[in-house]
Amino acid sequence: MPARLSHVAALALYFILNALPCLAAYVPLRQYEGSTFFDGWAYYGNVDNTTWGNVTYLDRADATSKRLTYVNDAGNAIVQVDNTTTLVRNADVVNRDSIRLTSLDSYGMGSLIVMDALHIPYGCSVWPAFWTYGIEKEWPEAGEIDIIEAINDMERNQVALHTIPGCSKADTLPQSGRTLETDCSTNRGCIVAESKPNSFGPGFSEAGGGVYALLLEPTSINVWFFSRADIPSNIASASRTSSLDIESWGTPTAAYPPTRCNLTQYFPPQNLILLTTLCGVWAGNPSIYRASSCPVRR
Ligand SMILES: *[C@@H]1O[C@H](CO)[C@@H](O)[C@H](O)[C@H]1NC(C)=O
Ligand SMILES: *[C@@H]1O[C@H](CO)[C@@H](O)[C@H](O)[C@H]1NC(C)=O
Ligand SMILES: *[C@@H]1O[C@H](CO)[C@@H](O)[C@H](O)[C@H]1NC(C)=O
Ligand SMILES: *[C@@H]1O[C@H](CO)[C@@H](O)[C@H](O)[C@H]1NC(C)=O
């Protein structure tokens, strides 16, 4: 296992907002925050059987007793990977305890999801993700949207959509990020790389974290990233009851238009997923891992 791991996601709050018909403002629908943060999620309670990382995702009872999920004195939700157990190296499979949360509710077109984090886990072998998919169908029949996802020593976030065949990303809407892949049905999905600094890794935390937002509309799926100092004033001053207007937010990092993808068809209501895995099919892929600056131990 790597020497330096940083394993805590500190989440100030999530806002889920729905559009008011005929208005450009989104009104509060649900919030995940403070002492009730963990009530809105299901704990996976199983090994990582989707991306084959070396983790066991705890159920709620174990997560609570091992203090891998809790709300701290500042009211921030902490979601942590076990960083104290010394694992036995010679066992067949060595899994570290971690957390995978799935929101109990799902969110369809007309939703705005705002996520504020102070810290996102990073480091060699570390693969955190905040993403959505439609849990009612076999993945990826109801789509997947990766809002935050990066691995190992990456310092920039990557946004991606995953779909069944027939959905591609067109670049007909302005975005600040760089499109890396356009076919959303391939293994890698249709990817947009963040171009702003401090979207992931030590830079994210040292800047005090930041806000990620996902807009789901039939006319565009957008993702914005704002480092702490750049958070729009209407988000920074938002209360439990304030509505949010996205007009002042500027160009999103990623904008997926409906031009070459019927967004309504490929993205029925989405559940939110928050997890950290270790190694697995992306972070632990030997050629990808070796291409990073991460140490290799035998
Ligand atoms: C993962 O394991 C859970 C619990 O056994 C099971 O319900 C689920 O279908 C599995 N998922 C995959 C993709 O195999
Ligand atoms: C485990 O992580 C917590 C939170 O970042 C940190 O305070 C603690 O020092 C870490 N423990 C070890 C043994 O690294
Ligand atoms: C990590 O998981 C992979 C995939 O299940 C497995 O092949 C490998 O042996 C595991 N490594 C350890 C150290 O358990
Ligand atoms: C997109 O898909 C929706 C839902 O399946 C359908 O109602 C709509 O007609 C489709 N739009 C276009 C332009 O094909």
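See the structure shown above.
What you are looking at is a predicted structure, and each value in this text was computed from that prediction instead of being measured. (Residues numbered from 1 in each chain as written. Chains lettered and ligands numbered in written order. Predicted model: local features only at pLDDT ≥ 70, side-chain atom pairs only at ≥ 80, totals over all residues. Heavy atoms only, no water.)

1. Things to note about the side chain of His119
Note on placement: His119 falls in strand 11 (residues 111-119). In terms of polar contacts, His119 uses its side chain to reach the side chain of Ser205, at 2.9 Å. (Helix = DSSP H or I, 4+ residues; strand = E, 2+ residues; numbered from the N terminus. Polar contact = N/O pair within 3.5 Å; in protein donor to acceptor, adjacent residues only side chain to side chain.)

2. A closer look at the state of the cysteines
All chains considered together, the criterion is met by three disulfides. Residue Cys124 pairs covalently with Cys294 via a disulfide, S to S 2.2 Å. Because the torsion about its S-S bond is -90 degrees, the bridge between Cys124 and Cys294 counts as left-handed. Of this pair, Cys124 sits in the loop between strand 12 (122-123) and strand 13 (126-133) while Cys294 sits in the segment after helix 6 (286-291); the two residues are 170 residues apart in sequence, bridging distant segments of the chain. Of the two residues, Cys124 and Cys294, neither departs from the other in class, the shared state being buried. Sulfur-sulfur distance for the disulfide between Cys167 and Cys261 comes to 2.1 Å. Measuring the twist about the S-S bond at about -95 degrees, one finds the Cys167-Cys261 disulfide to be left-handed. Here Cys167, found in the loop between strand 15 (158-162) and strand 16 (178-179), pairs with Cys261, found in the loop between strand 21 (254-256) and helix 4 (263-266); they are 94 residues apart in sequence, far enough to count as distant. Cys167 gets classed as buried once you look at its relative accessible area, which sits at 1%. Residue classification places Cys261 among the buried residues on the basis of a relative accessible area of 2%. (Disulfide = S-S within 2.5 Å. Buried < 20%, exposed > 50% of the residue type's maximum accessible area, 1.4 Å probe, protein only.)

3. Section: the packing of aromatic side chains
Under the definition given, this model contains 10 aromatic pairs. Residues Phe37 and Phe38 carry aromatic rings whose centres are separated by 4.9 Å and whose planes lie at 75 degrees to one another, so their mutual orientation is edge-to-face. For Phe38, a relative accessible area of 5% translates into the label buried. A ring pair is formed by Trp131 and Tyr133, whose centres lie 5.3 Å apart and whose planes are at 20 degrees; its orientation type is stacked. Each residue in the set Tyr32, Phe37, Phe38 and Trp41 is aromatic and connected to the rest through ring pairs, giving one cluster. Here Arg100 stacks its cationic end above the ring of Tyr44, 4.4 Å away from the centre of that ring. A cation sits over an aromatic face here: Lys169 above Tyr256, 5.1 Å from the ring centre. (Phe/Tyr/Trp six-rings, centres within 6.5 Å; stacked < 30°, edge-to-face > 60°. Lys NZ or Arg CZ within 6 Å of the ring centre and 35° of its normal.)

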